[in-house]
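# Coordinate analysis (summary)
Below are the chains, spelled out letter by letter.
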Amino acid sequence: MNKLVKCLQASSLAAFLCLTANADAKTGYVFVSSEKDDVVTVFDAETMNKLTEIKTRERPRAMQLSNDGSLLYVACGDGDTIDVIDVDKLRVKKSIEIGEDPDRFDISPDEKYLYASNEDDGLVTVYDLIKDERVAEIEVGEEPEGVLVSPDNRVVYVTSEVANMVHVIDIETKALVENVVVGNRPRRMMLTQDLRELWVSNEVGGTISVLDTSTYQVTSELSFAPKGIRPENISPVGMVMTKDGKRAYVTLGSANHVAVVDTASHTVLDYILVGKRAWGVSLNSDESKLYVTNGKSDDLAVIDTARLKVIKSVPAGRVPHDVVVDD
């Protein structure tokens, strides 16, 4: 093999490795949606300096990154769209017309379909991301909010705030297969790592309902009692679980705290004081930091998960709602 061929092969390999590394690289961004400013604010995850603001349609709320991190999907409630942000260019590349007042959404694991709750119409809209068109509308209870696609791509879970239910939709048939009564005003959901439990936050009920996913029965209720807080101010909403499934963090809304929960025993380990109306929550990649949006103090709290203490608080626009970390 001559020297020229070897050189070309080495260059090709280096280029391939460079492209592969870039494809897997994280941006180091923290994204926060601001309901009143109609923007997604971008922070540097290391310094928490504000980098820019991305203008969206009205009232951006729920956000989700694509699997490769190249796109950030944003539900814009008063704009009736899901805005799609190009993460490399940090601007909206298109807006998906998704129906009235999309609150939350989830994307199928294969990224073929997006499922969005239309709060005003009591519907779940199914959108084909490949064909770029709406393919179904599924009627559920009044004021649907939380949407969660199971990792096995078998069912979609949807919360109804007024009906106090979790609706279970079969993905293949797009039919409702179960309606499970939970607590008062259910909001968000998450699955345990073994997929055996579905946790549902009940904002007005002040609890977490735990469902057995094989029977769709509520098997237990988690309650919260941070010191000095009236029960009526305890309003759990956002939840996130560690990768090993051992710990969960729950934002408690007007209680201005985050609860730290042992997932196996369903017991509260600690409470962390944050800003006013703790809402959205997200962990960074190594789970050393927890980020919490505080809707009434207009800030983002950064928590050291080893010490369970807020280490920084930064302004995050008016009524920050959701937070997504890409570090």
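Criteria and thresholds
Residues numbered from 1 in each chain as written. Predicted model: local features only at pLDDT ≥ 70, side-chain atom pairs only at ≥ 80, totals over all residues. Heavy atoms only, no water. Patch = residues over 30% accessible without salt bridge, like charges linked within 9 Å, V, L, I, M, F, W, Y side chains within 5 Å. Areas by Shrake-Rupley, 256 points an atom, 1.4 Å probe, with all protein chains shown as cover. Salt bridge = Lys/Arg side-chain N within 4 Å of Asp/Glu carboxyl O. Lys, Arg positive; Asp, Glu negative; His and termini not counted. Charge placed at Lys NZ, Arg CZ, Asp CG, Glu CD. Helix = DSSP H or I, 4+ residues; strand = E, 2+ residues; numbered from the N terminus. Pairing = 2+ DSSP bridges. Axes fitted to C-alpha atoms, helices over the stretch in contact; angles between N-to-C directions. Core = buried A, V, L, I, M, F, W, Y, C linked by side-chain atoms within 4.5 Å. Buried < 20%, exposed > 50% of the residue type's maximum accessible area, 1.4 Å probe, protein only. Contact = heavy atoms within 4.5 Å. 1 Å grid on protein atoms, 1.4 Å probe; cavity = no way out; pocket = protein on both sides within 12 Å on 5 of 7 lines; lining within 4 Å. Points joined across faces, edges and corners; volume = space filled by probe spheres on them. Nonpolar A, V, L, I, M, F, W, Y, C, P; charged D, E, K, R; others polar.

On the surface, a cluster of negative charge is contributed by Glu 58, Asp 78, Glu 100, Asp 120 and Asp 121. Relative to the assigned elements, Asp 121 resides in the loop between strand E9 (113-118) and strand E10 (123-128).

A sheet is described by the order of its strands in space; here four strands give the open sequence E20-E21-E22-E23, paired in antiparallel fashion. On the outer flanks of this sheet lie strand E20 (239-241) and strand E23 (267-273), each paired with one strand and no other. Strand-to-strand, the axes of this sheet are offset by a mean angle of 20°, without reference to chain direction. In this sheet, E23 lies alongside strand E22 (residues 257-262) in antiparallel orientation, the contact comprising six bridges. The residue bridging Asp 262 from the neighbouring strand is Thr 267, located in E23.

Once that is clear, we can look at the nonpolar core. Ranked by internal contacts, the top residues of the largest apolar core, which has 15 residues, are Trp 199, Ile 208, Leu 222, Phe 224, Val 250, Leu 252 and Val 261. Elements represented by at least two residues in this core include exactly strand E18 (207-212), E20, strand E21 (247-251) and E22. The contacts of Phe 224, once residues within four sequence positions are left out, are Gly 206, Thr 207, Ile 208, Ile 234, Pro 236, Val 250, Leu 252, Ala 259, Val 261, Val 268 and Tyr 271.

What follows covers the pattern of salt bridges. As a working rule, side chains carrying opposite charge can pair if their charged atoms are close by. Under the defined criterion, the tally for this structure stands at 20 salt bridges. With its nearest N and O atoms 3.4 Å apart, the salt bridge here joins Glu 145 to Arg 188. Here Glu 145, found in strand E12 (residues 144-149), pairs with Arg 188, found in strand E16 (residues 186-191); they are 43 residues apart in sequence, far enough to count as distant.

Below, the discussion takes up unusual backbone geometry. Backbone geometry places Asn 153, a non-glycine residue, at a positive phi of 60°. For Asn 153, the location among the structural elements is in the loop between E12 and strand E13 (155-160). Judged by its relative accessible area of 27%, Asn 153 falls in the partly exposed class. Even without a glycine there, the phi angle at Asn 164 is positive, about 55°. By the secondary structure assignment, Asn 164 is in the loop between E13 and strand E14 (165-170).

Once that is clear, we can look at the sheet that holds strand E3 (residues 50-55). Read across the sheet, four strands follow the order E3-E2-E1-E28 without closing on themselves; strand pairing throughout is antiparallel. Each having just a single partner strand, E3 and strand E28 (320-326) make up the two edges of the open sheet. Strand-to-strand twist of the sheet, defined as the mean angle between neighbouring strand axes without regard to direction, takes the value 20°. Note: strand E2 (residues 39-44) against E3, five bridges, orientation antiparallel. Paired with Val 39 across the two strands is Lys 55, which belongs to E3.

Within the secondary structure layout, Ser 282 lies in strand E24 (residues 278-283). What makes Ser 282 buried here is its relative accessible area of 13%. With residues up to four places along the chain from it excluded, the contact list for Ser 282 reads Lys 289, Leu 290, Tyr 291, Val 323, Val 324 and Val 325.

Attention shifts here to the pairing of strand E4 (residues 60-65). Counting buried positions along E4 yields five of six residues, so the element is predominantly enclosed. Across four bridges, the pairing between E4 and strand E5 (residues 71-76) is antiparallel. Its bridge partner being in E5, Pro 60 is matched across the sheet by Cys 76. Counting the residues that bridge the hairpin from E4 to E5 gives five residues, and of these Gly 69 lies at a positive phi of roughly 75°.

This brings us to the layout of surface pockets. By volume, the second largest pocket amounts to about 150 Å³. What lines the second largest pocket is simply Ser 66, Asp 68, Ser 70, Leu 71, Tyr 73, Val 84, Lys 93, Lys 94, Ile 96, Glu 111 and Leu 129. Elements represented by at least two residues in the lining of the second largest pocket include exactly E5 and strand E7 (91-97). With three residues, the top contributor of residues to the lining of the second largest pocket is E7. Across the lining of the second largest pocket, the residue classes tally to five nonpolar, two polar and four charged.

Another aspect to go through is the environment of Tyr 73. Topologically, Tyr 73 is positioned in strand E5. Along the backbone, Tyr 73 and Met 63 are ten residues apart, and their C-alpha atoms lie at a distance of 5.4 Å. Those residues within four positions of Tyr 73 in sequence are excluded, and the remaining contacts are Ala 62, Met 63, Gln 64, Ser 66, Ile 82, Asp 83, Val 84, Phe 105, Ile 107, Leu 114 and Leu 129.

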